[in-house]
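# A look at the structure
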Amino acid sequence: MTLVKEVGKSPYKIVRSATDRAINGAPPMFDEPIHVGRPNIGNHKAFLQRASEILDSGWLTNNGPLAQEFERRIAAFLGVKHCVAMCNGTIALEIATRALELKGEVIVPSYTFVATAHALQWQEITPIFADIDPATHNLDPAAVWRMITPRTTGIIGVHLWGRPSPVKELKAVAKEHNLRLMFDASHGFGCSLNGKLVGGFGECEVFSFHATKFFNTFEGGAVVTNNDTLAEKMRLMRNFGFSGYDNVIYPGTNGKMTEIAAAMGLTNFEDLEEFVAINRSNYCTYRDALSSVHGLSLLEYDESERNNYQYIVVEVAPYFPASRDRIVEVLHAENVLARRYFWPGCHNMEPYRSYYPHAGLMLPNTKSVSERVVVLPSGSAMHADAIRGITSVLSVVAAGA
Ligand SMILES: Cc1ncc(COP(=O)(O)O)c(C=O)c1O
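How each quantity is defined
- Residues numbered from 1 in each chain as written.
- Predicted model: local features only at pLDDT ≥ 70, side-chain atom pairs only at ≥ 80, totals over all residues.
- Heavy atoms only, no water.
- Helix = DSSP H or I, 4+ residues; strand = E, 2+ residues; numbered from the N terminus.
- Buried < 20%, exposed > 50% of the residue type's maximum accessible area, 1.4 Å probe, protein only.
- Pairing = 2+ DSSP bridges.
- Axes fitted to C-alpha atoms, helices over the stretch in contact; angles between N-to-C directions.
- Contact = heavy atoms within 4.5 Å.
- Near = heavy atom within 4 Å.
- Polar contact = N/O pair within 3.5 Å; in protein donor to acceptor, adjacent residues only side chain to side chain.
- Areas by Shrake-Rupley, 256 points an atom, 1.4 Å probe, with all protein chains shown as cover.
- Salt bridge = Lys/Arg side-chain N within 4 Å of Asp/Glu carboxyl O.

Next up on the list: unusual backbone geometry. The amide bond that connects Tyr 341 to the next residue, Phe 342, takes the cis arrangement and shows omega of -15 degrees. Inspection of the secondary structure assignment puts Phe 342 in the loop between strand E13 (336–337) and helix H11 (352–355). With an omega of 5 degrees, the peptide bond between Glu 350 and Pro 351 qualifies as cis. Relative to the helices and strands, Pro 351 resides in the loop between E13 and H11. Positive phi is not limited to glycine here, since Asn 62 has a value of about 70 degrees. As for its position among the elements, Asn 62 is in the loop between helix H1 (44–57) and helix H2 (65–78). Among the residues examined, Asn 62 registers a relative accessible area of 45% and is labelled partly exposed. Unusually for a residue other than glycine, Asn 178 sits at a positive phi of about 55 degrees. Here Asn 178 shows up in the loop between helix H6 (167–176) and strand E6 (180–184).

Here's what the structure looks like:
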C-alpha cells in the first residue's frame, strides 16, 4: 500500500505542563487539523491502473465489470451468498428495510449515526429508540423487548465501533415476537463474532464504505444476505426496478455503485490486512499510553475475535478532573479534532426530538454514554509519535493542569 501523507510536523511536541498546551497560548501540536476519520487508502498505482481501464472501456456505471468483481470478492470474503453493492450505506439501509417490507415501528438504538434512524423516517417508518448496554454500547436486548408494541415489525441492531451486537439474544427477541431482524454493519467490516465475520447475521446486513470507514470506496455501501429472493429484490430496487432494458417490474431508486468506487474498493481490499495491522498498532499505542491515565478508559476490542480497530473510543469517568467537552476543547486547540460520537443521541436530533420529546426517559444509558465518550484519531496516516503527543495532552489534563 502507498501511505497517505503523514500528519503534521515531526517530532511532535510532548505536553508536560499546562503552559505547553495550545489552549493556553502555546503553538498547536499539529500544523493541520487531524480528523478522526482519516481515510485508509490502498496502493495508488493499482487504483490508477483500474481508473485508466475504466476510462478506456467507457463503462462507468450500471453494474460494470468492476462492480461485479467487487460484489463477488466481498461475498466470498464474508462467506455470504450475495453482496449487493450500492452508492452509499444510507441508500443501502433504505433499500434493505424496504425489501424486508418493514413498516409501522422499527426498533433501533439512539446511540448510532443518525442515518440508521433517518433511513426509516425517510420512508415514513417510525424509528423507536431502545437503550444500550453501557458496557458494550450496543443495543440491550431487554431494552428492545420493552419497546415492542403491536405496530413493531423489525429490529435493526448496529455493530457499534465494529464490536458485534448481541446477535443471539436479539434473534431470540425477534423470533418470540415475529419480527424481522437486520443489522447496520457500517462499522463492522472485517470484524467477527464467535469467529464468524459480520455479514451473515440476521436477514441481511448493511455496510457503509464511506471515506471515513475502515474500508472505503470513496462513497459506497452494500447489503449482504444469504437470502436469494431478498437479494434479487434489492438488485431491482437499486436500479429503478428495471428487469431487462424496457421492463420495469418494481418501484425502485438509484442505488448503484459506480465503477470508480468499485475500483477504489478492489484496491483497498488488497490492503485490508495492512490497514488492520496499522489500526491495531495505533490502538495498542493508545492503550499503553492511556493505561496510566486515571479516569480515562479505552474501549477494548476482544483479541480472540477479528477486529478492524478503526475507532479509538475513550470514556471519561465522572471523577476525571475535566469534563468530556473540556477535553474536546483542549484537543481541538492542538488541531486534534476529537469527536463526541454519537452525542447527543438520535432522539435528541430533529425530527425525533420534536416528535418524541420524552424518548430520553427510556434511554438513561444512551445519555450517560454519549456524555462521556470521546473518539480520537486513528487510521493509516497516524503513527506512534503523533499518538504519544495526543496522549501527553490527556495526561496533563488528568493531572489537573
Ligand atoms: C452506523 C452508521 N450507519 C449508517 C451510516 C451511513 O452510511 P453512509 O455515509 O455510507 O451513507 C454510517 C456512516 O456514515 C454509520 O456510521
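What follows deals with the sheet that holds strand E11 (residues 296–298). With respect to topology, three strands assemble into an open sheet ordered E11-E12-E14, the strand pairing being antiparallel. Two strands close off the open sheet at either side, each with one partner strand: E11 and strand E14 (373–376). In this sheet, neighbouring strand axes are inclined to one another by 30 degrees on average, regardless of whether the strands run parallel or antiparallel. Along the sheet, helix H10 (residues 324–333) makes contact with E11, strand E12 (312–316) and E14, crossing E14 at roughly 25 degrees. Strand contacts of helix H12 (residues 364–372): E12 and E14, with the helix running at about 45 degrees to E14, the strand carrying the most contacts.

All right, on to the site of the ligand then. Contacts to the ligand come from 15 residues, most closely from Gly 89, Thr 90, Asp 184, Ser 208 and Lys 213. Contacts to the ligand include His 187, whose side-chain N or O atom sits 2.9 Å from an oxygen atom. For the ligand, an oxygen atom lies 2.7 Å from a polar atom in the side chain of Ser 208. When the free accessible area of the ligand is taken as 380 Å², the share hidden by the protein chains comes to 92%. Breaking the shell around the ligand down by element, the ones donating at least two residues are helix H3 (89–99) and helix H4 (115–121).

A full pass over the atoms with the stated rule returns 18 salt bridges. Between Glu 101 and Lys 233 there is a salt bridge whose closest N-O contact spans 2.9 Å. Taken together, the residues Glu 101 in the loop between H3 and strand E3 (105–109) and Lys 233 in helix H7 (residues 228–237) connect sequence positions 132 residues apart. A residue is classified by how much of its surface remains accessible, and Glu 101, at 46% relative accessible area, is partly exposed. By relative accessible area, which is 15% here, Lys 233 ends up buried. A salt bridge links Glu 371 to Lys 367, with the nearest nitrogen and oxygen atoms 2.7 Å apart. With Glu 371 and Lys 367 both in helix H12 and four residues apart, this pair spans about one turn of that helix. Glu 371 gets classed as partly exposed once you look at its relative accessible area, which sits at 40%.

Bringing the environment of Arg 163 into the picture now. Mapped onto the fold, Arg 163 is located in the loop between strand E5 (152–158) and H6. For Arg 163, the contacting residues outside a window of four places in its chain are Ala 135, Thr 136, Asn 138, Leu 299, Glu 300 and Tyr 301.

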